[in-house]
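Observations on the three-dimensional arrangement
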Amino acid sequence: MILVVDSGSTKTDWIALNDDGKILFQTQTLGLNPQVLSQEILNERIVNNFELYKHRHEVKRLYFYGAGCGVEKPRKLIKEVFRDFFKEAEEILIKEDTYAALYATATEGEKSIVCILGTGSNCSYYNGVDIEQKVISLGYILMDDASGNYFGRQLLRDYKFFNIPKDLSEKFEQSYDLSSETIKNHLYKNPNPNTYLATFARFLIENKDHVYCQALIEKGLSIFIENQVLQFPNAKEIPIHFVGSISFYLEKELSRVLVKFGLRKGKVLKRPIDGLVMHHKDHILY
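Residues numbered from 1 in each chain as written. Predicted model: local features only at pLDDT ≥ 70, side-chain atom pairs only at ≥ 80, totals over all residues. Heavy atoms only, no water.

We now examine the packing of helix H4 (residues 97–105) against helix H13 (residues 273–283). It is at 7 Å that the axes of H4 and H13 come closest, and there the two elements cross at 75°. Classed by the angle they form, the pair H4 and H13 counts as roughly perpendicular. Where H4 approaches H13, its residues Ala 100, Tyr 103 and Ala 104 are matched on the opposing element by Gly 275, Leu 276 and His 279. Considering only residue class, the contact of H4 with H13 consists of four nonpolar, two polar and no charged. (Axes fitted to C-alpha atoms, helices over the stretch in contact; angles between N-to-C directions. Helix = DSSP H or I, 4+ residues; strand = E, 2+ residues; numbered from the N terminus. Parallel < 35°, antiparallel > 145°, perpendicular 65-115°, else oblique. Contact = heavy atoms within 4.5 Å. Nonpolar A, V, L, I, M, F, W, Y, C, P; charged D, E, K, R; others polar.)

Here it is, written out as structure tokens:
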């Protein structure tokens, strides 16, 4: 059995294939970001999944693409977790989630820029052969422009500084527990503060036609393009692909901002797992 896995900070998609590429089962767990979660929590999220636990001794190869796997230490951590759980696995490959976005969107051999706009954000250049990155992410606190946690953070700040219009502010209060104690507990005591911040992005999407939300969305997307996409000299000559829930649900707004910067939109996918499976069927199974 082969497991193909795409993991963000919020959720993880798992698809099991046999040696002929037939799907045996699909399942989902909470996110498995090794930069923000302990080994115990990572293990717990896997063990508690019935399908994975039932088939854990049948897995021979595991291909994992995950948020937080851009550097060696988190990759080693998640690999240890998998080795302990999938004891019969002969091969465990760990790559950052950028590769999942690349395999799901880019045409092989065609230069393009591949972006992730989900709970977190990222941007890479595909030279037709491999990925190139100029900016190494320092995580959700300093970077992740236009991500779910970016928009959640901005909403909370504007709410606490009384910068959200009254009608929207009242609606925001009815949708969430916005007490200072609750917010600080989630940010400083509970795991996954980035995922917690990203939960507020749903409010932005649901109210995206409000003038305040439109301005916030355009600002966030513009900052991402200026800091990330335009770092590549040929950005205006090649397609820009996007993967993630923020780009998917804000595609209309994203299209407008790309036009403003003279950029060409490529594919926009909510999640890369289906394209990732096709890549493995074409390049790895046979």
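One can find Lys 281 in helix H13. The charged side chain of Lys 281 is buried without a salt bridge, its nearest counter-charge being Asp 282 at 8.1 Å. At 3.1 Å, the side chain of Lys 281 forms a polar contact with the backbone oxygen of Gly 21. (Buried < 20%, exposed > 50% of the residue type's maximum accessible area, 1.4 Å probe, protein only. Lys, Arg positive; Asp, Glu negative; His and termini not counted. Salt bridge = Lys/Arg side-chain N within 4 Å of Asp/Glu carboxyl O. Polar contact = N/O pair within 3.5 Å; in protein donor to acceptor, adjacent residues only side chain to side chain.)

Pairing is mixed in the open sheet, where five strands are placed in the order S8-S7-S6-S9-S10. Two strands bound the open sheet, and with one partner strand each, they are strand S8 (131–132) and strand S10 (264–269). The strands touched by H4 within the sheet are strand S6 (112–117), strand S7 (121–126), S8, strand S9 (239–243) and S10, with S6 carrying the most contacts at an inclination of about 125°. Relative to the sheet, helix H12 (residues 251–260) contacts S9 and S10, its axis offset from that of S10 by approximately 160°. (Pairing = 2+ DSSP bridges.)

Where burial is concerned, most of H4 is hidden: eight out of the nine residues are buried. Here H4 has its buried residues at Asp 97, Thr 98, Tyr 99, Ala 100, Ala 101, Leu 102, Ala 104 and Thr 105.

Bringing the side chain of Thr 195 into the picture now. Its place among the elements puts Thr 195 in helix H8 (residues 193–198). At a separation of 3.2 Å, a polar atom in the side chain of Thr 195 contacts the main-chain carbonyl oxygen of Ser 9. Among residues more than four places away in sequence, those in contact with Thr 195 are Ser 9, Thr 10 and Thr 119.

Turning our attention to the sheet that holds strand S1 (residues 2–7). One open sheet accounts for five strands, arranged S3-S2-S1-S4-S5; its pairing is mixed. Only two strands of the sheet have a single partner each, and these edge strands are strand S3 (23–30) and strand S5 (91–96). Each neighbouring strand pair of the sheet contributes to a mean axis angle of 15°, computed without reference to strand direction. Sitting on the sheet, H4 is in contact with S1, strand S4 (61–66) and S5, with an inclination near 90° to S5.

Side chains that carry opposite charge are capable of pairing whenever their charged atoms lie near each other. Scanning the model with the defined rule gives six salt bridges in all. Its salt-bridge partner being Lys 265, residue Glu 251 comes within 2.9 Å of it at the nearest N-O pair. Of this pair, Glu 251 sits in helix H12 while Lys 265 sits in strand S10, and the two are 14 residues apart along the sequence. Exposure remark for Glu 251: the relative accessible area of 28% places this residue in the partly exposed category.

A large share of S9 lies buried, amounting to five of its five residues. Across the two faces of S9 the burial is the same, with Pro 239, His 241 and Val 243 and Ile 240 and Phe 242 all buried. Bridge count for S6 against S9 is four bridges, and the pairing is parallel. The residue of S9 that forms the bridge with Ile 113 is Ile 240. Across four bridges, S9 lies against S10 in parallel orientation. Note on S10: the bridge partner recorded for Pro 239 is Arg 264.

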